[in-house]
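Residues per chain are reported as follows:
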Amino acid sequence: MHKITTAFVVGAAGLSLLLSACGGEAKPTAAKSDAPAGGAAASVTTLTMQDIKYDKAALTGTKGQALTINLTNQGALEHDFTIDKIDGKATVDGKDAKSATAAVHAAVKSKGTAKVEITPNAAGTFEFYCTVAGHKEAGMKGTLTVN
Ligand SMILES: [Cu+2]
């Protein structure tokens with residue numbers, strides 16, 4: 001009799017722990033770099049596109065090092081990742097990333113993905129944004145900082 005009561009209490013405590021763990025994960029996370037601490041190798045990060053924003057406002061790269069940005073579009077609309085001017089090598093899914101007006105342009109359909117790789121030649125800050133009408137104005141933009 002006593003043993004059954006104890007098992008019930010432990011079970012209830014375990015359940016509440018599970019619930020609080022889920023609640024914690026649902027909280028929005030602050031924008032931060034995914035770059036490994038002290039890592040000298042090429043860095044890889046993710047950027048998620050939503051209607052109508054990116055999940056991060058800041059990305060960080062290093063001069064002369066390849067930065068891979070794995071884009072995922074979770075939105076219902078098409079979005080893109082565009083940098084007007086950046087000196088260096090850039091590809092989207094392995095192809096030249098240049099468009100007629102931008103140094104880097106990666107359009108991603110709803111529920112699609114794209115892999116952007118940028119190797120900047122110089123340090124600086126570069127704005128990235130979505131060129132779809134109204135999206136940048138709505139806040140779909142951020143800053144790539146190259147150190
Ligand atoms: Cu957009």
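Since the model is a prediction, treat every value here as computed from it, not as a measurement. Within each chain, residues carry numbers counting from 1 in the order of the written sequence. Totals for whole chains, interfaces and linings use every residue, but because this is a predicted model, local features are given only for residues with pLDDT of at least 70 and side-chain atom pairs only at 80 or more, for both listing and counting.

*Asks:* Please give an account of the environment of phenylalanine 81 that cites residues and values.
*Replies:* The secondary structure listing takes helices from DSSP runs of H or I that are at least 4 residues long and strands from runs of E that are at least 2 residues long, numbered from the N terminus. Tracing the backbone through its elements, the reader meets phenylalanine 81 in strand β5 (residues 79-83). The sequence separation of phenylalanine 81 and isoleucine 69 amounts to twelve residues, and the corresponding C-alpha distance is 10.0 Å. What counts as a contact here is a pair of residues whose C-beta atoms, placed from the backbone, lie within 7 Å. Residue contacts for phenylalanine 81: discarding those within four places in its chain leaves Leu47, Leu71, Ala106, Val116 and Phe128.

*Asks:* Go over unusual backbone geometry with me, naming the residues and quoting the values.
*Replies:* Leave glycine aside and you will find that most residues have negative phi; peptide bonds, for their part, are mostly trans. Here the bond from aspartate 51 into isoleucine 52 is cis, since omega is 0 degrees, no more than 30 degrees from zero. Topologically, isoleucine 52 is positioned in the loop between β1 (43-50) and β2 (53-54). Positive phi, close to 50 degrees, is recorded for aspartate 93, a residue that is not glycine. Considering the arrangement of structural elements, one finds aspartate 93 in the loop between β6 (88-92) and β7 (95-96). Any residue surrounded by 20 or more other C-beta atoms within 10 Å of its C-beta is treated as buried, while 12 or fewer makes it exposed and the intermediate range makes it partly exposed; C-beta atoms here are placed from the backbone. On the neighbour-count criterion, aspartate 93 (12 C-beta atoms within 10 Å) is exposed. The backbone of lysine 111 shows a phi angle near 70 degrees, a positive value even though the residue is not glycine. The residue lysine 111 is located in the loop between β8 (104-108) and β9 (113-120) in this model. Exposure remark for lysine 111: the 10 C-beta atoms within 10 Å place this residue in the exposed category.

*Asks:* Kindly report on the environment of tyrosine 129, identifying the contributing residues and their values.
*Replies:* Summarising the element assignment, tyrosine 129 is placed in strand β10 (residues 124-129). Tyrosine 129 sits 75 residues away from tyrosine 54 along the chain, and the two C-alpha atoms are 8.8 Å apart. Beyond its immediate sequence surroundings of up to four residues, tyrosine 129 is in contact with Thr82, Lys136, Met140 and Lys141.

*Asks:* Before we move on, could you go through the sheet that holds β1 and cite the residues and values that matter?
*Replies:* Only strands joined by at least two bridges in the DSSP assignment are considered to pair. Pairing is mixed in the open sheet, where six strands are placed in the order β2-β1-β4-β9-β6-β7. Only two strands of the sheet have a single neighbouring strand rather than two, namely β2 and β7. Pairing analysis gives five bridges linking β6 to β9, with the strands arranged antiparallel. Its bridge partner being in β9, valine 92 is matched across the sheet by valine 116.

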